[in-house]
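Spelled out, the chains give:
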Amino acid sequence: LPDSELTPIEYFMSVADARELSYDKTLRYAHELLELADLIDKKDRLIANLSQGEGRILCLLQTLLGKPEILILTSPFSGLTQKDAQKMRDLIDYFGDTYTIFLSTPSSCDLCEMCDEIIVLDNGVVVERGTHDELYALGGFYTKLVTSE
């Protein structure tokens, strides 16, 4: 999680400094990201005073400061409240149109209906790939994962 003694804006600007990003552009984009995540009213609070889920959302947002081509998210909903998990889903859905997002999650239904393609691995080997509907219709490995939850 981010440095708890910083505010979200200070955190984003420290990340921008470390990545040698433009101060003015980053400051504007940081405000846009906080607005999008419905955290703009908390921009001047210490991160220590935010919920764990809000801290995790800040971690996601800071990765976007450099506008990467690919995001890799591991268990993005683990330990989040329903409210924060929904915020995270909304952000992933929103940014899925802009970025290629790889999700590694033990829960097969976290985002299955939002994904353009699902790749199911078993011991590191691709066993199935397709959309949620395609894989579910196969009645194979993916269907067993989804129905066992």
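In the block above lies the structure referred to throughout.
Let me sum up the structure you'll find in this document. Residues take numbers from 1 onward in each chain, read along the sequence in its written order. With pLDDT at 70 or above as the cut-off, local features in this predicted model cover only qualifying residues; side-chain atom pairs require 80 or more to be listed or tallied, and sums for whole chains, interfaces and linings still use all residues. Note: side-chain values were computed over all heavy atoms of the structure, leaving out hydrogens and water.

### Remarks on the packing of aromatic side chains
- Working definition: rings of Phe, Tyr and Trp (its six-membered ring) pair if their centres are within 6.5 Å, and the pair is stacked with planes under 30 degrees apart, edge-to-face with planes over 60 apart, and tilted otherwise. One pass over the structure, following the stated rule, counts three aromatic pairs.
- Between the aromatic rings of Tyr11 and Phe12, the centroid separation amounts to 5.8 Å while the plane-to-plane angle is 35°, which identifies the pairing as tilted. The same class applies to Tyr11 and to Phe12, which are both buried.
- Taken together, the ring pairs in this structure connect Tyr94, Phe95 and Tyr99 into an aromatic cluster.
- Both a distance and an angle decide whether a charge sits over a ring: NZ of Lys or CZ of Arg must be within 6 Å of the ring centre and within 35 degrees of the ring normal. Geometry around Tyr29 places Lys67 over its ring, the cationic atom sitting 4.6 Å from the centre. Think of it in three bands: with a 1.4 Å probe and only protein chains considered, a residue is buried below 20% of the maximum accessible area for its type, exposed above 50%, and partly exposed in between.

### Some thoughts on the pattern of salt bridges
- What makes a salt bridge here is a side-chain nitrogen of Lys or Arg within 4 Å of a carboxyl oxygen of Asp or Glu, nothing more. In total, this model carries three salt bridges according to the counting rule given.
- Asp44 is the salt-bridge partner of Lys43, the closest N and O atoms lying 2.9 Å from each other.
- According to the relative accessible area criterion, Asp44 is exposed, its value standing at 56%.
- The salt bridge involving Glu117 is made with Arg129; its shortest N-O contact spans 2.9 Å.

### Observations concerning the packing of helix H1 (residues 8–18) against helix H2 (residues 23–36)
- With axes taken as lines fitted to C-alpha atoms, and helix axes fitted only over the stretch in contact, angles between N-to-C directions fall between 0 and 180 degrees. Helix and strand assignments follow DSSP, with helices taken as H or I runs no shorter than four residues and strands as E runs no shorter than two, numbered in order from the N terminus. Between H1 and H2, the shortest axis-to-axis distance is 10 Å and the interhelical angle comes to 135°. Classified by the angle their axes make, H1 and H2 are oblique. You can see that H1 and H2 cross each other, and the crossing is right-handed. Taken together, the residues of H2 that come into contact with H1 (itself represented by Pro8, Ile9, Phe12, Met13 and Ala16) are Tyr23, Thr26, Leu27, Ala30, His31 and Leu34.
- Its residues assigned to classes, the contact of H1 with H2 shows nine nonpolar, two polar and no charged. Oblique is the label for any angle not covered by the other classes, which are roughly parallel (under 35 degrees), roughly antiparallel (over 145) and roughly perpendicular (65 to 115). A crossing counts as left-handed when the near helix is turned anticlockwise from the far one by less than a right angle, and as right-handed when that turn is clockwise. Throughout, a contact is declared for two residues whenever any of their heavy atoms are within 4.5 Å. Put simply, Ala, Val, Leu, Ile, Met, Phe, Trp, Tyr, Cys and Pro go in the nonpolar bin, Asp, Glu, Lys and Arg in the charged bin, and everything else, Gly too, in the polar bin.

### Quick notes on the pairing of strand E3 (residues 118–122)
- Here, a strand pair is defined by DSSP locating no fewer than two bridges between the strands. Bridging between E3 and strand E4 (residues 125–130) involves five bridges; their strand directions are antiparallel. Looking at E4, one finds that Ile119 is bridged to Arg129.
- Between E3 and E4, which pair antiparallel and follow one another directly, the connecting turn spans two residues, one of which, Asn123, has a positive phi of 55°.

### Quick notes on H2
- Look at H2: 20 Å from first C-alpha to last across 14 residues, which is about the 20 Å you get at 1.5 Å a residue.
- When we look at burial in H2, the residues that qualify are Thr26, Tyr29, Ala30, Leu33 and Leu34. Buried residues along H2 cover an arc of 140° about the axis, so they all sit on one side. Among the exposed residues of H2, those pointing more than 90 degrees away from its buried face are Lys25, Arg28, Glu32 and Glu35.
- Buried residues in H2 make contact with H1, helix H3 (52–64) and helix H4 (82–95).
- Two N or O atoms form a polar contact when they lie within 3.5 Å of each other; inside protein one atom must be a possible hydrogen donor and the other a possible acceptor, and for residues adjacent in sequence the pair counts only when both atoms belong to side chains. You can read the cap of H2 off the contacts: a side-chain oxygen lies 3.4 Å from the backbone nitrogen of Lys25, and it is on Ser22.
- Asp38 sits one or two positions beyond H2 and adopts a positive phi of about 60°. Residue count minus one, scaled by 1.5 Å, sets the expected span of a helix. Taking the helix axis as origin, the arc is that swept by the directions to the C-beta atoms.

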